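# Coordinate inspection notes
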Amino acid sequence: MDKVAIVGAGRVGETTAQFLAKQELCREVVLVDVREDVPQGVALDVFQTAPFFGFDTRVSGSNDPEAMSRAELVVITAGLPRKPGMSRSDVLQANVEILDGIVADVQRHAPDAILIIVSNPVDVLTYRAWRLTGWDRRRVLGQAGVLDSSRMASFIAMETGFSARDITTMVLGGHGDTMVPLLRFCTINGIPVTHFLSEDSLERIIERTRNGGAEILALRKISSAYDAPGASVAAMVDAISRDRRRLLPCVAILQGEYGERDIAMGVPCVLGDGGLDSVVELELTDAESAEFAASAASVRKDVARLT
Ligand SMILES: NC(=O)c1ccc[n+]([C@@H]2O[C@H](COP(=O)([O-])OP(=O)(O)OC[C@H]3O[C@@H](n4cnc5c(N)ncnc54)[C@H](O)[C@@H]3O)[C@@H](O)[C@H]2O)c1
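Presented here is a report on the structure given in the accompanying data block. Each residue is numbered by its place in its chain's sequence as written, counting from 1. A pLDDT threshold of at least 70 governs which residues receive local features in this predicted model, and a stricter bar of 80 or more applies before side-chain atom pairs are shown or counted, although totals over entire chains, interfaces and linings include all residues. The side-chain figures draw on all heavy atoms in the structure; neither hydrogens nor water molecules are used.

## Some details on unusual backbone geometry
Short version of the rule: In this text, helices come from DSSP runs of H or I with a minimum length of four residues, and strands from runs of E with a minimum of two, each type numbered from the N-terminal end. Relative accessibility decides the category of a residue: with a 1.4 Å probe and only protein chains considered, values under 20% of the type maximum give buried, values over 50% give exposed, and everything between is partly exposed.
Following asparagine 120, the chain continues to proline 121 via a peptide bond in cis, the omega torsion being -5°. With respect to the element layout, proline 121 can be found in the loop between strand S5 (114–117) and helix H5 (122–133). The backbone of asparagine 189 sits at a positive phi, close to 45°, despite the residue not being glycine. If you trace the backbone, asparagine 189 turns up in the loop between strand S10 (187–188) and strand S11 (191–192). A residue is classified by how much of its surface remains accessible, and asparagine 189, at 59% relative accessible area, is exposed. A positive phi angle is found at aspartate 243, which is not glycine, with a value near 45°. Looking at the secondary structure, you find aspartate 243 in the loop between helix H9 (227–241) and strand S12 (246–255).

## A closer look at the environment of leucine 25
Quick note on the threshold: Here a residue-residue contact requires only that any non-hydrogen atoms of the pair lie within 4.5 Å.
Positionally, leucine 25 belongs in the loop between helix H1 (11–22) and strand S2 (28–32). Its relative accessible area of 3% is what places leucine 25 among the buried residues. Residues leucine 25 and valine 106, 81 residues apart in the sequence, show an inter-C-alpha distance of 20 Å. In this view, leucine 25 contacts Met1, Leu20, Ala234, Val237, Asp238, Ser241 and Arg242; residues no more than four positions away in its chain are not counted.

## Overview of the layout of surface pockets
Our working definition: Buried and open spaces are told apart on a 1 Å grid over the protein atoms alone, a cavity being a set of points where a 1.4 Å probe fits but cannot get out and a pocket being an open set with protein on both sides within 12 Å along at least five of seven lines. Residues with an atom within 4 Å of a point are the lining residues. Grid points are joined across faces, edges and corners, and a volume is the space filled by probe spheres set on the points. Residue polarity follows a fixed list, in which Ala, Val, Leu, Ile, Met, Phe, Trp, Tyr, Cys and Pro are nonpolar, Asp, Glu, Lys and Arg are charged, and the others, Gly among them, are polar.
Taken as a whole, the largest pocket spans an internal volume of roughly 1100 Å³. Of all the secondary-structure elements, those providing two or more residues to the lining of the largest pocket are H1, helix H2 (38–47), helix H4 (92–109), helix H6 (145–160) and helix H8 (212–220). Its boundaries defined by the atoms lining it, the second largest pocket holds a volume of some 460 Å³. Lining the second largest pocket are 19 residues; nearest its centre among them are Val146, Ser149, Ser150, Ile167 and Arg246. At the level of secondary structure, the elements contributing two or more residues to the lining of the second largest pocket comprise H6, strand S7 (167–168), H9 and S12. When residues of the lining of the second largest pocket are assigned to their parent elements, the largest contribution, 5 residues, is made by H6. Taken together, the residues that form the lining of the second largest pocket break down as 11 nonpolar, 6 polar and 2 charged.

## What about a nonpolar patch on the surface?
This is how the line gets drawn: Patch membership requires more than 30% relative accessible area and the absence of a salt bridge. Residues of like charge join within 9 Å; the nonpolar side chains Val, Leu, Ile, Met, Phe, Trp and Tyr join within 5 Å. We get accessible surface area from the Shrake-Rupley algorithm with a probe of 1.4 Å; when it comes to residues, only the shown protein chains can shield them. Any carboxyl oxygen of Asp or Glu within 4 Å of a side-chain nitrogen of Lys or Arg constitutes a salt bridge here.
Taken together, the side chains of Phe162, Ile191 and Phe196 make up a nonpolar region of the molecular surface, amounting to roughly 240 Å² of accessible area. One can find phenylalanine 162 in the loop between H6 and S7.

## Some thoughts on the site of the ligand
Filter applied, for reference: Residue proximity to a molecule or strand is established when one non-hydrogen atom of the residue lies within 4 Å of it. Here a polar contact means two N or O atoms within 3.5 Å. Within protein one must be a hydrogen donor candidate and the other an acceptor candidate, and residues neighboring in sequence count only if both atoms are side-chain atoms. Assignment of a molecule to a cavity or pocket requires that more than half of its atoms lie within 2 Å of the corresponding grid points.
Among the 28 residues in the neighbourhood of the ligand, the closest are listed as Val12, Asp33, Arg35, Val118 and Gln143. In this structure, arginine 11 approaches the ligand through a main-chain N or O atom, which is 2.9 Å from an oxygen atom. Glutamine 143 places a side-chain nitrogen or oxygen 2.8 Å from an oxygen atom of the ligand. Relative to its free-state accessible area of 870 Å², the ligand is covered by the protein chains to the extent of 88%. Comparing atom positions with the cavity grids shows the ligand to sit within the largest pocket. Contributing elements (two or more residues each) for the shell around the ligand: H1 and H4.

See below:
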């Protein structure tokens, strides 16, 4: 991939740029932000790690949306993060206004790009971006499930003492509070996690994963999470730019899958060249289906609040 633009050079944008450059996932990363001088400063700081990591990806910053021209992929991390005590929905209206302006810029300057939405509430904003652009759903995705799954895997690693790299988890549904963890598909090197952990421990882990973002926010106090979010976006970009056809839980527009349509929800997706290749439809149990439907209802409630 030649060029990736990251709109929003805040904490998540900076970490994402760092991971993309370090893994040389594209030749050029450009950070765009409305704050004067900030994207330029962030870009310099990130590029000055090149001698340590040995990457040749060029990193630049700009306040001019035109800088995203020719980008094959645009990551949107612009917007207000939550403050302690706030829910993702509390930042809805402000972030919708920011998103609308950015989507218009993307359509003007990078009309062929693949979009990855990170700003919250990510399910609602991904849906909004898809509606505004009118693009094929292959090109409009959101990041949530990769992060929720990695949080759950980390907690399982902490509880069992096993290497995190051997742990596979699958989380569907809305981001965070309304996520739907599929324990049946959570394994440690192929062995169901239920072999190692009691029902009680798993319940605790699920609850902690649901509140994973809030826990970090409460501890960090002055910022919400950004290290694992940046790594999660990089995993999606890696799958797309290297055409890996990875199966990752992402926010995608549903067109009848899981009994839902005209909504963006976290589902297992195959990512490769061109973005979303397909949505994998799993047979859910009655309990999982009910949780998924509740999660969809909560996303729809937020979509309905939009002006
Ligand atoms: N989906 C996820 O898993 C996930 C995880 C973490 C954070 N987030 C979300 O990502 C967003 C960013 O979080 P953060 O911690 O980086 O916040 P931050 O405050 O550090 O950065 C946000 C940046 O957006 C910029 N911005 C605002 N309006 C803009 C515009 N119109 N054009 C360009 N830039 C603009 C700001 O100047 C700021 O630099 C938040 O909405 C947060 O909730 C999502």
